[in-house]
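Listed below, chain by chain, are the residues.
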Amino acid sequence: MREYNTLDDFDLNGKTVFLRVDFNLPLDKETFEVLDTTRIERVLPTINELFENNAKTVILAHQGRKGSWDFINLEKHAKALEKLTGKKVKFVEDIYGEKAKNEIKNMKNGDIIILDNVRKIEYETDKKTAEEHAKTEFIRNLYPHGDIFVNDAFAAAHRAQCSLIGFTAVLPSAAGRLMEKEIFTLTKIIKNPEKPSIFLFGGAKFSDVIVTIERLLEQKTADKILLTGLPANAFLKSEGYDLGIKNEEALKKEGDEEQFKEIRNLMKKYNDEIYLPIDFAIKENNNRKEITSDELPTNQPLFDIGSKSTNKFKEILKDAKTIFLSGPCGVFEEDIFIKGTKEIFTFVGETDAFSIVGGGHTVAAVKKLGLESKISHISTGGGSLEKFMMGEKLPVIEALKKAKDKHLKKIV
Ligand code: 3PG
Ligand code: MG
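Caption draft 1: Seen up close, the site of ligand 1. Neighbouring residues of ligand 1: Asp 22, Asn 24, Arg 39, His 62, Arg 65, Arg 119, Ala 155 and Arg 159. At a separation of 2.9 Å, an oxygen atom of ligand 1 approaches a polar side-chain atom of Arg 119. Contact distances for ligand 1 include 2.6 Å between an oxygen atom and a side-chain N or O atom of Arg 159. For ligand 1, whose free accessible area comes to 300 Å², the fraction covered by protein is 84%. Here the residues of the shell around ligand 1 are counted per class, giving one nonpolar, two polar and five charged.

Caption draft 2: A look at the sheet that holds strand β9 (residues 274-275). Reading across the sheet, the six strands line up as β9-β8-β7-β13-β14-β15 and stay open at both edges, with parallel pairing between neighbours. Single-partner strands in this sheet number two, and they are β9 and β15 (377-378). Looking at chain direction, strand β14 (residues 354-357) and β15 are connected through two bridges and run parallel. Counted as the bridge partner of Ile 356 is His 377 from β15.

Caption draft 3: Examining helix α2 (residues 44-52) more closely. Buried within α2 are the following residues: Leu 44, Thr 46, Ile 47 and Leu 50. Here the buried residues of α2 occupy an arc of 165 degrees about the axis, which is enough to place them on one side. Note on α2: the residue one or two positions beyond its end, Asn 54, has a positive phi of about 60 degrees.

Caption draft 4: How the structure looks around the sheet that holds strand β3 (residues 89-91). Taken in spatial order, the six strands of this open sheet run β3-β4-β2-β1-β5-β6, and their pairing is parallel. Since the sheet does not close on itself, it has two edges, and those belong to β3 and β6 (173-175), each with one partner. Within the sheet, the average angular offset between the axes of one strand and its neighbour, ignoring direction, is 25 degrees. Relative to strand β4 (residues 112-114), β3 runs parallel, the two sharing three bridges. The residue of β4 that forms the bridge with Val 89 is Ile 112. Along the sheet, α2 makes contact with β1 (16-20), β2 (56-60), β4 and β5 (148-151), crossing β1 at roughly 175 degrees.

Here is what the cut-offs are and how they apply
- Sequence order sets the numbering: in each chain, residues are counted from 1 along the sequence as written.
- A letter from A marks each chain and a number from 1 marks each ligand, given out in the order of writing.
- Where local features are concerned, this predicted model is filtered to residues with pLDDT of at least 70; where side-chain atom pairs are given and counted, the filter is 80 or more; whole-chain, interface and lining totals use all residues.
- With hydrogens and water excluded, all non-hydrogen atoms of the structure serve as input to the side-chain values.
- A cutoff of 4 Å decides nearness: a residue is near a molecule or strand if any of its heavy atoms lies inside that distance of it.
- Polar contact criterion, stated in full: a pair of N or O atoms within 3.5 Å, where within protein one must be able to donate a hydrogen and the other to accept it, and residues adjacent in sequence count only if both atoms are side-chain atoms.
- Values of accessible area rely on a 1.4 Å probe in the Shrake-Rupley scheme; residue burial ignores everything except the protein chains shown.
- Each residue receives one of three labels: charged for Asp, Glu, Lys and Arg, nonpolar for Ala, Val, Leu, Ile, Met, Phe, Trp, Tyr, Cys and Pro, and polar for the others, Gly being one of them.
- Pairing between strands is defined by DSSP: at least two bridges between the two strands are required.
- Note on conventions: DSSP H or I runs of at least 4 residues are helices, E runs of at least 2 residues are strands, and numbering of each starts at the N terminus.
- Accessible area is worked out with a 1.4 Å probe on protein chains only. A residue is then buried under 20% of its type maximum, exposed over 50%, and partly exposed in between.
- Directions pointing from the helix axis toward each C-beta atom define the arc.
- To obtain each axis, a line is fitted to C-alpha atoms, and for helices this fit is confined to the stretch in contact; angles are then taken between N-to-C directions over 0 to 180 degrees.
- We call two residues in contact whenever any of their non-hydrogen atoms come within 4.5 Å of each other.

Shown next as structure tokens:
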């Protein structure tokens, strides 16, 4: 039995559904064109199901953050959705004013509209309970015009924000098909991963990774941790390696002595479980050159793991039954430094292990390598995925659980 409602629990025919999605997309900095529509594509099962069941679908979404360059309205998102569904999608430049309410009232069965960027609302990003959010003008103005709230925004599930949870206090609520799939698949992995379970971390950030690794090992979600990218550099530095001035500076931008101390403690405790690279690729005369850890320090940035590390990691990965990839192994955007990521990710795709990938850059690397069909589950989450893997409760999921079996009278 599910702990929350899904679309299966409702007769959708003729109902007005507020559908909260995560259409927070990467945009081109100059033209503002949408660079990747994965997050829209992944919500299509829900949108198509609502359409096929004659619901009226009112989409709520955010883009960027107030003050950020990519904080724009959702007209482009509506166009992209229209293209992907082949159905008319109307962008309404209002969220809860008269214009929005009239549009909703005049909708016919099967209509799809998308309201404006909910982060234009001053208090949207306040962190509050569903009940508190439900008292806002936003929720109070909109909810009487809807029958059901559906949340399919897994990538924002770690935010206790107004449009993400407020409706669950006042409307019958359900998880959308993407949310359901993400929760189901990831729960299986954290509660009962097939062993051995190996997590690989990479990418260009490391401070959040420290506590994630600790929890994963503590809770025995992961049996082994492989490190590449900046997380590997941070661990190597803590272990006493001198990486050279450029690499040390990159680490100092993000980390302080306290964090390096935490890493040392972690390494002491889990020395047998955490694996670090033993060689690296640097740039010399615009070519790739590999150096071993004995050849450190270098006055060049470490841009990729080297062949010895790749082989060592493959050897460890070959017995895995569950593999989680979080972050590319190097600067895969540059052709000469894609090698580590390419070899490891391709190898993972070829094993029989259940493989999971998440986070924007990791998914981008999987796409660039054409490996989408080889990975068992590609999560839309970044921050939400990380929190979920650590065993933290996510406000959106908690709100959906709390709303199960509530307010159902309203629609029967
Ligand atoms: C994301 O892309 O991380 C989600 O859409 C949440 O956005 P936020 O990190 O700006 O809250
Ligand atoms: Mg984020």
